[in-house]
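# Secondary and tertiary structure notes
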Amino acid sequence: MASALIGGMLQQGFDASELRVVEVSAEARERMRKQFGVAVAAAVDGAIGEDVVLLAVKPQQMREVARAMQPHLRGQLVVSIAAGIRTGDLSRWLGNHGRIVRAMPNTPALLRAGISGLFAAPQAAPADIQAAERILQAVGAVIVLDREEQLDGITAVSGSGPAYVFYFIEALQQAAAELGFSPEQARNLAQETFTGAARLAAASADPVETLRARVTSKAGTTEAALKSMEANEVKRRVVEAIHAAARRSKELGDEFGK
């Protein structure tokens, strides 16, 4: 995700000389230096940016990273994309630092086609929100949230959402294979169908329910498939699964925010 954000920022007009990256892996440091032309360092030690610090680390690593960074902060805006880590806990680890924006992007950011939810701590100024938006907009759309707990929902719906899409594509591929298509044909059928349907939904002003109904002829093949899904409560199970993801996001905050 850090690489996606760096690449997107450079495409959107950020200068590589303005970006500094801290990465513990020597291999990753060299890759980023060659790929993006940015300055890289193995540890914080004063290498953090002067205006904005973006924390792109795993939730279980955040407390250690924040405490290492705290002595080097000079009032910068801190943007975190770690799942579950709340602004209050991050502020405490950073020595009660207040200029914090928390965001949750998703993996289509790798193609500059992501979507991110964003929440600003009370001490963050409108200019801080705008700065964070500019960074996240480099890799896709941005939704600004009023309540921090909504980020658990963002994590469940769009953060984890690509995995649900891949899961459904897997099912389409399996069905196509069982119907006699080669693996390559099954993959193409599944992926192009999903891509095309998503593009159609994005281009249409009609609700997806209307688009679905237009494909569903009475007593036709689509109706047979949808009736089978309804009988097996597929939609309800998907909704329940997303609620489970939201609960897990909250649990991560409780677990790693101590």
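Residues numbered from 1 in each chain as written. Predicted model: local features only at pLDDT ≥ 70, side-chain atom pairs only at ≥ 80, totals over all residues. Heavy atoms only, no water.

## With respect to the pairing of strand S3 (residues 52-55)
- Here S3 shows a buried face lined by Val53 and Leu55 and an unburied face lined by Val52 and Leu54.
- Pairing between S3 and strand S4 (residues 77-80): 4 bridges, direction parallel. The residue bridging valine 53 from the neighbouring strand is valine 78, located in S4.
- For the crossover from S3 across helix H3 (residues 59-69) to S4, the handedness is right-handed. (Buried < 20%, exposed > 50% of the residue type's maximum accessible area, 1.4 Å probe, protein only. Helix = DSSP H or I, 4+ residues; strand = E, 2+ residues; numbered from the N terminus. Pairing = 2+ DSSP bridges. Right-handed = clockwise from strand over helix to strand, strands pointing away.)

## What to know about helix H11 (residues 234-256)
- Compared with an ideal rise of 1.5 Å per residue, which puts 23 residues at 33 Å, H11 spans 33 Å between its outermost C-alpha atoms and is within 8% of the ideal.
- Every buried residue belonging to H11 is among Ala245, Ala246, Ser249, Leu252 and Gly253, and all of these are buried.
- Summarising the contacts, the buried residues of H11 are in contact with helix H4 (87-93), helix H6 (150-159) and helix H7 (161-178). (Expected span 1.5 Å × (residues − 1). Contact = heavy atoms within 4.5 Å.)

## Structural notes on the environment of glutamine 35
- On the secondary structure map, glutamine 35 appears in helix H2 (residues 26-36).
- Owing to a relative accessible area of 51%, glutamine 35 belongs among the exposed residues under this scheme.
- Linking glutamine 35 and alanine 125, residues 90 residues apart in sequence, is a C-alpha distance of 33 Å.

## Focus on the sheet that holds strand S7 (residues 140-144)
- The mixed open sheet is built from 5 strands, whose spatial order is S3-S4-S5-S6-S7. With one partner strand each, in any of the chains shown, S3 and S7 form the two edges of the open sheet. The average angle at which neighbouring strand axes cross in this sheet is 25°, direction not considered.
- Pairing between strand S5 (residues 100-104) and strand S6 (residues 114-120): 4 bridges, direction antiparallel. Following the sheet pairing, arginine 102 is matched in S6 by phenylalanine 119.
- Taken strand by strand, helix H5 (residues 126-137) contacts S3, S4, S5, S6 and S7, and its axis lies near 150° from that of S7. (Axes fitted to C-alpha atoms, helices over the stretch in contact; angles between N-to-C directions.)

## Re the side chain of glutamine 76
- By the element assignment, glutamine 76 lies in the loop between H3 and S4.
- Within polar-contact distance, the side chain of glutamine 76 engages the backbone nitrogen of arginine 74 at 2.5 Å. (Polar contact = N/O pair within 3.5 Å; in protein donor to acceptor, adjacent residues only side chain to side chain.)

## Looking at the nonpolar core
- If you look at the biggest cluster of nonpolar residues, it comprises 26 residues, and the most contacted ones within it are Leu5, Ile6, Met9, Val38, Val101, Ile135 and Leu136.
- Breaking this core down by element, the ones donating at least two residues are helix H1 (2-11), H2, S4, S5, S6 and H5.
- For this core, the element with the most residues is H1, which contributes 4 residues.
- If near-sequence neighbours (up to four positions away) are discounted, leucine 136 is found in contact with Leu5, Ala103, Pro105, Ser116 and Val142.
- Counting 16 residues, the second largest nonpolar core, distinct from the first, contains Val53, Val78, Leu94 and Ile100. (Core = buried A, V, L, I, M, F, W, Y, C linked by side-chain atoms within 4.5 Å.)

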